[in-house]
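The lines below spell out each chain.
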Amino acid sequence: MTEDLLEDAIVRFEEALPHAELSEDACDRLRAPVSSLKVSVPVRMDDGKLRIFSGYRVRYDDTRGPAKGGIRYHPAVTAAEVTTLAFWMTFKTALMDLPFGGGKGGVAVDPKQLSASELERLSRGYLAAIADVIGPNVDVPAPDVATGELVMGWMAHEYAKIRRGHHPGVVTGKPLALGGVPGRTSATSDGALHVLRTVQPRVLPGVDHPSAAIQGFGNAGQSIARLLDAEGYRIVAVSDSKGGIHDPDGLNIEEVIRAKNDGQSMDEIYCKGSVSDSSEVDRISNEKLLQIDVDLLIPAALEDVITADNARDIQASVIVELANGPTTGEADRILDERGIVVIPDILANAGGVTVSYFEWVQNRSGDYWSADEVEKRLTERMSTQFDAVMGIAEARDVSVRMAAYILALERLGEAATAIGTREFFNGQRGA
């Protein structure tokens, strides 16, 4: 990951500016993060050796409320990547009209190479290193790549030890027993499904049992595969980091999920299987999966998988970005020219942060909702914001991504104006 990722993100922001009413001061403020922290996390490994891991936490903007954003564990994590992800979170929370800003964190580590004990020590050590810059009213972390409710539970407990008090709202995505909410694990995919149900009559009219391909088969990829399978989609290809599989007649999704997860023992945090372990199907590369002729393509892995180099080879009619930033700006322009509809990440995968908001609200009030109530509220918010985005796209004749950025920018501008732009941007708010 290089600085190009952040530069590409800023370009999209700049392209949306002429369509939104935003003061020059507010524009300048959004070109750089409020704060950026790099930490060193020492971890005593099981063999007695000490290893030092680099960690990051970026609070990009908090105009509308505490920063909000996940923590990822991946070998390629860098300051530039985390800053870009925090930038996107700023727009995602504004788009969904949540009382949050944008933040993100991460540790440069291959978590699959750690034992469960080493992973816990890393997670608690990272939390301790960033404890002074997070909190329920300041910056609220959540799960992301290779982190989940187990890691969030460790972090919530570590924060409680440091602060000598119970602060369940410090992180979201926790286990139910520690203040989590039903539906958080599948929230990203649930939100994407709500968007798909709404958009399908517009972009795939008259198509029965649409075909779909999913790149990335972690939690979000598996979850959306199950949901689409139940909705009658014909899922013809899926892939993970080890490769992919393809069956034009449709894959047996439950069998593929079993192949991916089989062999994982109770003391293992991450599965070691692959979708490629499925039998009697054709093998396919991640690159080739993106080029399959399908109605729906879902990138559900990492950033920058659809680029200028392969955008002209994409044959899908619709792309729904379940991953953050899977399409580069240049690729986006090519897809738009070719008439391929892209439902952008800041809308398509916003179910996760929305249900995280529900968890944060419940942690603060002590009033916990049922799974049905969470599902109802998620459906309402996703539908409302999708309709608002499509209204802008149609009224102003812009892409869905551009419309999403315009709406987010307008909400950020309203917040900056309400605060008082001049005083706000003179640094008088304790950033």
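The coordinates are above.
A quick note: this is a predicted structure, and the numbers were derived from the prediction, not measured.

What about the overall build of the chain?
Stage number 1. Scanning the chain from terminus to terminus reveals 15 helices and 12 strands.
Stage number 2. Expressed along its principal axes, the backbone C-alpha trace of the chain runs to roughly 55 × 55 × 40 Å.
Stage number 3. When each of the 431 residues of the chain is scored for burial, the buried share is 58%.
Stage number 4. With an accessible surface of roughly 17,600 Å², the chain has 47% of that area assigned to carbon and sulfur atoms.
Stage number 5. If you average the places of the 44 positive and of the 64 negative side-chain charges in the chain, the two averages end up 6 Å apart.

Quick word on the packing of aromatic side chains
Stage number 1. Tallied over the entire structure, the rule returns 10 aromatic pairs.
Stage number 2. Here the aromatic rings of Tyr60 and Phe87 are separated by 5.3 Å at their centres, their planes lie at 85°, and the arrangement is edge-to-face. With Tyr60 in strand β2 (residues 50–61) and Phe87 in helix α3 (residues 79–95), this pair connects stretches of sequence that are 27 residues apart.
Stage number 3. Since its relative accessible area comes to 1%, Tyr60 is described here as buried.

Comments concerning the packing of helix α12 (residues 351–365) against helix α13 (residues 371–396)
Stage number 1. In the contact formed by α12 and α13, the axes pass within 10 Å of each other and the chain directions differ by 130°. When the axis of α12 is compared with that of α13, the two are oblique. Where α12 crosses over α13, the two elements pack in a sense that is right-handed. Across the interface between the two elements, Gly351, Thr354, Val355, Tyr357 and Phe358 of α12 pack against Val374, Arg377, Leu378, Arg381 and Met382 of α13.
Stage number 2. Within the contact of α12 with α13, the residues separate by chemical class into six nonpolar, two polar and two charged.

Quick look at α3
Stage number 1. With 17 residues, α3 ought to run about 24 Å at 1.5 Å a step, and its terminal C-alpha atoms sit 24 Å apart, in line with that.
Stage number 2. Counted residue by residue, α3 has 16 buried out of 17 residues, so it is predominantly covered.
Stage number 3. Backbone geometry just downstream of α3 places Asp97 in the positive-phi region, at approximately 60°.

Some thoughts on the packing of helix α6 (residues 187–203) against helix α7 (residues 219–231)
Stage number 1. At their nearest, the axes of α6 and α7 sit 9 Å apart, and the two run at 40° to each other. With respect to α7, the element α6 is oriented oblique. Crossing handedness for the pair α6 and α7: right-handed. Residue-level inspection shows Ser189, Asp190, Ala192, Leu193, Leu196 and Arg197 of α6 in contact with α7, the latter providing Ala220, Ser223, Ile224, Leu227, Leu228 and Glu231.
Stage number 2. Taken together, the residues of the contact of α6 with α7 break down into seven nonpolar, two polar and three charged.

A look at unusual backbone geometry
Stage number 1. Positive phi outside glycine occurs at Ala146, with the angle close to 65°.
Stage number 2. The topology assignment puts Ala146 in the loop between β5 (139–143) and α5 (149–163).
Stage number 3. Classification of Ala146 by relative accessible area gives partly exposed; the value is 24%.
Stage number 4. If you check the backbone angles, His209 has positive phi at about 50° while not being a glycine.
Stage number 5. Residue placement: His209 occurs in the loop between α6 and β6 (211–215).

Some remarks on the sheet that holds strand β1 (residues 35–44)
Stage number 1. Pairing is mixed in the open sheet, where five strands are placed in the order β1-β2-β4-β3-β5. Sheet topology places β1 and β5 at the edges, where each strand pairs with a single neighbour. Between one strand axis and the next, the sheet turns by 25° as a mean value, whatever way the strands run.
Stage number 2. Strand direction decides the pairing type here: β2 and strand β4 (residues 102–108), joined by six bridges, are antiparallel. Pairing of Gly55 across the sheet is with Val107, part of β4.
Stage number 3. The strands touched by α3 are β2, β3 (67–74) and β4; relative to β4, the strand with the most contacts, the crossing angle is about 150°.

So, the sheet that holds strand β8 (residues 243–246)
Stage number 1. An order of β9-β8-β7-β6-β10-β11-β12 is seen for the seven strands of this open sheet, with the pairing classed as mixed. The outermost strands of the open sheet, each flanked by one partner alone, are β9 (282–284) and β12 (341–343). Pairwise comparison of adjacent strand axes, ignoring direction, gives a mean angle of 20° for this sheet.
Stage number 2. Direction of pairing for β6 relative to strand β10 (residues 296–299): parallel, over a ladder of four bridges. Looking at β10, one finds that Gln215 is bridged to Pro299.
Stage number 3. Against the sheet, α7 makes contact with β6, β7 (234–240) and β10, and its axis sits at roughly 170° relative to β6, the strand it touches most.

Thoughts on the pattern of salt bridges
Any two side chains of opposite charge can pair, given that their charged atoms come close.
Stage number 1. Per the counting criterion, the structure on display carries 26 salt bridges.
Stage number 2. We note a salt bridge from Asp144 to Lys104, for which the minimum N-O separation is 2.9 Å. One end of the pair, Asp144, is in the loop between β5 and α5; the other, Lys104, is in strand β4, with 40 residues separating them in the sequence. Of the two residues examined, Asp144 and Lys104, each falls in the buried class.
Stage number 3. When the shortest N-O distance is used, the salt bridge between Lys161 and Glu158 registers 3.5 Å.

Parameters and conventions
Residues numbered from 1 in each chain as written. Predicted model: local features only at pLDDT ≥ 70, side-chain atom pairs only at ≥ 80, totals over all residues. Heavy atoms only, no water. Helix = DSSP H or I, 4+ residues; strand = E, 2+ residues; numbered from the N terminus. Buried < 20%, exposed > 50% of the residue type's maximum accessible area, 1.4 Å probe, protein only. Areas by Shrake-Rupley, 256 points an atom, 1.4 Å probe, with all protein chains shown as cover. Lys, Arg positive; Asp, Glu negative; His and termini not counted. Charge placed at Lys NZ, Arg CZ, Asp CG, Glu CD. Phe/Tyr/Trp six-rings, centres within 6.5 Å; stacked < 30°, edge-to-face > 60°. Axes fitted to C-alpha atoms, helices over the stretch in contact; angles between N-to-C directions. Parallel < 35°, antiparallel > 145°, perpendicular 65-115°, else oblique. Left-handed = near helix turned anticlockwise from the far one by under 90°. Contact = heavy atoms within 4.5 Å. Nonpolar A, V, L, I, M, F, W, Y, C, P; charged D, E, K, R; others polar. Expected span 1.5 Å × (residues − 1). Pairing = 2+ DSSP bridges. Salt bridge = Lys/Arg side-chain N within 4 Å of Asp/Glu carboxyl O.

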